[in-house]
Amino acid sequence: MKNIIKYIPLFLLLTTVSCKKDKKDPEPEPEPTPAATTNTIKILFEHTVDTNELVLNQNYVNPNLDTFKVSTLKYYISNIVITKNDNTTFVEPESYHLIDVSNLSSTTISIPNLPFASYKSLSFTLGVDSTRNCSGAQTGDLAQNKGMFWNWSTGYIMFKLEGTSPQSGASNKSLTYHIGGFGGVNKVQRNFIFNFASTPANVSASVSPVIHMSVDVNEFFKNPTTINVATQHTQMSTGATAKMFADNYADMISFEHVHN
Amino acid sequence: MNRIANIFFLLGVLIFASCKVDPKIIEPLPADNLVEVIPDGWPQPKYTFSVNTISEDKFVLGRALFYEEMLSVDNTISCGSCHQDFAAFSHSEHKVSHGIYDRQGTRNAPGIFNLTWHPLFMHDGGINHIEVQPLGPITNTLEMGADINPVIAKLQASSKYQNLFKKAYGSDTVNSQKLLRAMTVFMGLMYSYNSKFDYYKRNENNVELSDAELRGYSLFTAKCSGCHTEPLFSDFAFRSNGLTVDPFYQDSGRAHITGLPTDRYKFKTPSLRNIAKTAPYMHDGRYTTLNECLDHYTNAIPNLTNLDPSIPTNGFQFSAQNKQDIIAFLNTLTDYKFLGDKRFANPNF
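Residues numbered from 1 in each chain as written. Chains lettered and ligands numbered in written order. Predicted model: local features only at pLDDT ≥ 70, side-chain atom pairs only at ≥ 80, totals over all residues. Heavy atoms only, no water.

*Asks:* Requested: an account of the overall build of chain B, with residues and values cited.
*Replies:* A count of helices and strands for chain B gives 13 helices and 2 strands. For chain B, with 349 residues in total, the buried portion stands at 53%. A sequence separation of at least 24 residues applies to 67% of the contacts in chain B between residues at least 6 apart. As presented, chain B carries roughly 16,000 Å² of accessible surface, and 54% of it is formed by carbon and sulfur atoms. (Helix = DSSP H or I, 4+ residues; strand = E, 2+ residues; numbered from the N terminus. Buried < 20%, exposed > 50% of the residue type's maximum accessible area, 1.4 Å probe, protein only. Contact = heavy atoms within 4.5 Å. Areas by Shrake-Rupley, 256 points an atom, 1.4 Å probe, with all protein chains shown as cover.)

Take a look at the structure:
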């Protein structure tokens, strides 16, 4: 017992040290804030049908002249890279964003920590790379509870468009396009690259540029394949048809302008 | 000084109390057993716990979830309803599993053990990672029928689970990743490598195989091990072993996932460990005994689409003695240590 008692002060000391802030320690001097050298770029996705603003559950006409409404439009934007005028690049870490038209805040991607410079181009992928399709349970926008993951033939739904059309051949007049497939010839990720041309994004202490993109739903219904909803109303698996839809959306996003 | 000693004692008790698991939830576990295992001579597992470190608290949470009926939409069934510990976590006496509202499924529930070596899950390999495997049954209308978000909400509202998540992750917020990873720790630690055959192979406990078992082993090595490869007793490839297509289920197997005609009617080669305990057999549970399985391999096999070339169309033509011997050998693959392992049993009983 004597022996144990000998160690008690030591034990108590250890406990105190680990549990409490040492009172004798002076408050650390606040570090002088270094002058900022970075700022944020925002990428804003504006959704349209042709040149009209997309409003959910409102009627539009597609290139096949079918009338349709959109109730859900969700897709992944990933692996964002922004290139400076001197050709060096800024690669966003953990770059996975779910754009959901029903959730306004998700339609703007904010990318912090861009070094002050002039940036001339932007590239990203619509979809999720194959690695993350095979990496198990994820968090954030990639979490498996966003309605964007197939559970029986596992992998992400990269692009989801749902709605209705009186011309739809489905019994309940629905349109259901869940596009996925992360590898092989029928993969559906599509890469985009945009040059800002004469107006680079000038990141500085006072300027946090906004890059405006426009996303045209009618591009999903055409080029190269004009979709006829009487027969092409439902897609919920991977394969050649999913690829056909992906080839259509490959030109769905376009660059509008940079707002410095 | 005496008083200090008392305080010391109290402190000690408190510390121990806080480390111990609530006895109402689960009896204390030998924590040092909760480690990754790679038996001698086994290949590297596909899943290591590198991003999902093993802890006793995660295991306890995963075990509670595995036996949690709230994971189903009407709170009636859990994973444990179809994966029973005494049956090496297969569904005893059920050809195909039925789930909520007594709906009939289409496939037989395989045993679960040594999962960290599986490259793909399910008979058709549709699930590509152990961590996302539980999503399938949770969200399948034929099985548990719930979307993952209502399940998260139910668990979040339960003080038991707030407590268990807090212990496992330091915060009582439930999310899909934490849920899936805790279940992975529980299922991933279901190792089976202590059958009579394993003791014999390792020269442990003076275990010998009988003459019949040894004859069965050599037949097995000659005819079966190309697919049911040691030490896992599966190569995990997708193959047709010559079963005719059930006209009712019309299950195309691997092709269901890949869409490839060359994958039609191919299924993941099952492990034959604990095979004596996992009846009924095959992806649709069509055979109730090992005898019937052996009859299948013995008799003429119709030249089916994509039949594996290692299966002769006139069958292996085993004699009655051969069949008995192979079954005797298969019986040595039962791992009683695993079957009786209380750590994996339902904590609510």
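*Asks:* Any chance you could break down the pattern of salt bridges for me, citing the residues and the numbers?
*Replies:* Residues and elements named next belong to chain B. Going through the model one piece at a time under the given rule, you end up with 17 salt bridges over all chains. Salt-bridge contacts for Glu 131 lead to Arg 181; the nearest nitrogen and oxygen are separated by 3.3 Å. Highlighted residues: Glu 131 in the loop between helix H3 (79–82) and helix H4 (135–139) and Arg 181 in helix H7 (residues 176–188), separated in sequence by 50 residues. Each of the two residues, Glu 131 as well as Arg 181, counts as buried. The salt bridge involving Asp 235 is made with Arg 239; its shortest N-O contact spans 2.5 Å. Judged by its relative accessible area of 24%, Arg 239 falls in the partly exposed class. (Salt bridge = Lys/Arg side-chain N within 4 Å of Asp/Glu carboxyl O.)

*Asks:* How would you summarise the environment of Ile 311 of chain B if you had to cite specific residues and measurements?
*Replies:* All names here are of chain B. Considering the arrangement of structural elements, one finds Ile 311 in the loop between helix H11 (290–298) and helix H12 (320–331). Ile 311 gets classed as buried once you look at its relative accessible area, which sits at 9%. Through-space distance from the C-alpha of Ile 311 to that of Val 73 is 43 Å; in sequence the pair is 238 residues apart. Sequence-distant contacts of Ile 311, defined by excluding residues within four places in its chain, comprise Ser 240, Asn 241, Tyr 297 and Ile 301.

*Asks:* Before we move on, can you summarise the domain arrangement of chain B with the specific residues and values?
*Replies:* All names here are of chain B. In terms of domains, chain B is made up of domain 1 (32–190) and domain 2 (196–331). Of note, the centres of domain 1 and domain 2, computed from C-alpha atoms alone, are 26 Å apart. Every contact between the two is made by 30 residues of domain 1 and, on the other side, 24 residues of domain 2. A combined buried area of about 2,100 Å² lies between domain 1 and domain 2, and 60% of that area is made up of carbon and sulfur atoms. The three residues of domain 1 that bury the most area against domain 2 are Lys 95, His 123 and Asp 124, which together make up 25% of that side's buried surface. Remark: the boundary between domain 1 and domain 2 carries 1 salt bridge. Across the contact surface, domain 1 and domain 2 share 8 residue pairs in polar contact (both at pLDDT 80 or more). The residue inventory of the side of domain 1 that touches domain 2, partitioned by class, reads 12 nonpolar, 14 polar and 4 charged. (Domains from an automatic or database assignment. Buried area = accessible area lost by both parts, 1.4 Å probe. Polar contact = N/O pair within 3.5 Å; in protein donor to acceptor, adjacent residues only side chain to side chain. Nonpolar A, V, L, I, M, F, W, Y, C, P; charged D, E, K, R; others polar.)

*Asks:* Mind laying out the packing of helix H2 (residues 56–66) of chain B against H7 of chain B, listing which residues take part and the relevant values?
*Replies:* All names here are of chain B. At a closest axis distance of 7 Å, the pairing of H2 and H7 adopts a crossing angle of 95 degrees. As summarised for this structure, H2 and H7 are arranged roughly perpendicular, according to the angle between their axes. Taking contact as the criterion, the partners of Lys 58, Phe 59, Leu 61, Gly 62, Arg 63, Leu 65 and Phe 66 in H2 are, on H7, Leu 179, Ala 182, Met 183, Val 185, Phe 186 and Met 187. (Axes fitted to C-alpha atoms, helices over the stretch in contact; angles between N-to-C directions. Parallel < 35°, antiparallel > 145°, perpendicular 65-115°, else oblique.)

*Asks:* Explain the confidence of the model for chain A to me, using residue names and the numbers behind them.
*Replies:* Here chain A shows a mean pLDDT of 90. Residues at 70 or above account for 88%. Predicted confidence is poor over residues 1–24 of chain A, with pLDDT under 50, and the contacts of this stretch with residues over four places away or in other chains come to 11 contacts. (pLDDT = per-residue confidence, 0-100.)

*Asks:* How would you summarise helix H9 (residues 211–223) of chain B if you had to cite specific residues and measurements?
*Replies:* In an α-helix, one turn spans 3.6 residues; hence positions three or four apart end up facing the same way. Residue and element names in this part refer to chain B. The end-to-end C-alpha distance of H9, which contains 13 residues, comes to 18 Å, matching closely the 18 Å that a straight helix rising 1.5 Å per residue would cover. Every buried residue of H9 is listed here: Glu 213, Gly 216, Tyr 217, Leu 219 and Phe 220. Buried residues belonging to H9 abut helix H8 (196–201) and H12. (Expected span 1.5 Å × (residues − 1).)

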